[in-house]
Amino acid sequence: MEFDLENLANSFVQQLVDQIFENYKNQVESNSATREDRGKFFCDLSSLLGRELVSRALHLLDEHSFTYFYLKNNPHIYAVEISKGTEYFRVIPKVNYCKCEFFQCYVLKLPRGVLYQDLPSGQAGILEDWSEESRESLTCHHVLALRFHLLLKPKGRKTSEQVLKREEIKELQREIFRD
Ligand SMILES: [Zn+2]
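Residues numbered from 1 in each chain as written. Predicted model: local features only at pLDDT ≥ 70, side-chain atom pairs only at ≥ 80, totals over all residues. Heavy atoms only, no water.

Attention now goes to the overall build of the chain. Each helix and strand in the chain was counted, giving six helices and four strands. Walking the chain from its N terminus toward its C terminus, one meets helices and strands in the order α-α-α-β-β-β-α-α-β-α. Over its C-alpha trace the chain gives a radius of gyration of 17 Å, about what one expects of a compact globule, namely 16 Å for 179 residues. C-alpha atoms of the chain, sized along the principal axes, occupy 45 × 40 × 35 Å. Counting the 179 residues in the chain, one finds 40% classified as buried. By sequence separation, contacts in the chain at least 24 residues apart represent 65% of the contacts at least 6 residues apart. In the structure as shown, the chain presents an accessible area of about 11,300 Å², 51% of it carried by carbon and sulfur atoms. Each charge sign in the chain was given a centre, from 24 positive and 27 negative side chains, and these centres are 7 Å apart. (Helix = DSSP H or I, 4+ residues; strand = E, 2+ residues; numbered from the N terminus. Rg over C-alpha atoms; globule rule 2.2 N^0.38 Å. Buried < 20%, exposed > 50% of the residue type's maximum accessible area, 1.4 Å probe, protein only. Contact = heavy atoms within 4.5 Å. Areas by Shrake-Rupley, 256 points an atom, 1.4 Å probe, with all protein chains shown as cover. Lys, Arg positive; Asp, Glu negative; His and termini not counted. Charge placed at Lys NZ, Arg CZ, Asp CG, Glu CD.)

See the structure below:
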């Protein structure tokens, strides 16, 4: 049997990333997280996922709005929209998938040109903004930003909730995965 070393390495890194999140989450929940813990959390993640991805994800937290989609009387989060102006990306908690160009090209390694046409205009060429080292990645800044958002729970006008009907939730999730 042949081992796929790349997949093996990726799943190992993924486990480490999960562990780092878990550790910091425990510290936050027990109110024992210090400034140093927080620094170490971002530093450890940066060494695994790349500093650029982590800092861009944090930037989204500052600059973008996060809308959580729920069903009535149900605490489960079905999807989250990360938006600014007319640009938006929708992701699902605990699901490593995003329709953004970065995810399609540098995570799934799909050839450019088969990308989604329904992305907001003005997105073309953004891939060139990323440094060479970032052009192979386990996840994208949107998926990572949602993990940060769920963990750090920033309050304020940039976070909102929206209750949808069951059919609307279904359509939303279908739209996220449709290619
Ligand atoms: Zn993305």
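Time to look at the pattern of salt bridges. In this structure the tally under the stated criterion is 10 salt bridges. Ionic pairing is found between D44 and K40, a salt bridge with its closest N-O pair at 2.7 Å. One end of the pair is D44 and the other is K40, both in helix α2 (residues 35–49) and four residues apart, which spans about a single turn. Among the ionic pairs, E63 bridges to K84, the shortest N-O distance being 3.3 Å. Taken together, the residues span a long stretch of sequence, with E63 in helix α3 (residues 51–63) and K84 in strand β2 (residues 79–84) at a distance of 21 residues. (Salt bridge = Lys/Arg side-chain N within 4 Å of Asp/Glu carboxyl O.)

This part covers the nonpolar core. Within the largest apolar cluster, 40 residues are counted, with the highest numbers of intra-cluster contacts made by F41, L45, F102 and F148. Put simply, the parts of the chain that give this core at least two residues each are α1 (5–29), α2, α3, β1 (65–71), β2, β3 (87–91), α4 (101–107) and α5 (141–152). In terms of residue count, the dominant contributor to this core is α5 (six residues). (Core = buried A, V, L, I, M, F, W, Y, C linked by side-chain atoms within 4.5 Å.)

Glancing now at the coordination of the zinc ion. Taken together, the protein ligands of the zinc ion are C98 (SG), C100 (SG), C140 (SG) and H142 (ND1), with distances of 2.1 to 2.3 Å. Coordination at the zinc ion is tetrahedral, judged from the four donor atoms that bind it and the angles of 103 to 115° they form at the metal. Binding-site remark: the zinc ion is held by donors from one chain whose sequence spacing is C-x1-C-x39-C-x1-H. In this pair, C100 is assigned in the loop between β3 and α4 and C140 in the loop between α4 and α5, connecting sequence segments 40 residues apart. (Donors = N, O, S within 2.8 Å, 3.2 Å for Na, K, Ca; no water. Tetrahedral: all angles 85-135°; square planar, octahedral: opposite > 155°, others 65-115°.)

For the rest of this paragraph, the subject is the environment of R147. Secondary-structure assignment places R147 in helix α5. On the basis of relative accessible area, R147 is assigned to the partly exposed category, the value being 28%. Remark: the alpha-carbon pair of R147 and F21, spanning 126 residues in sequence, is separated by 8.6 Å. Setting aside anything within four residues of it in sequence, one finds R147 in contact with Q14, V17, D18 and F21.

So yeah, pure geometry; function would need other evidence.
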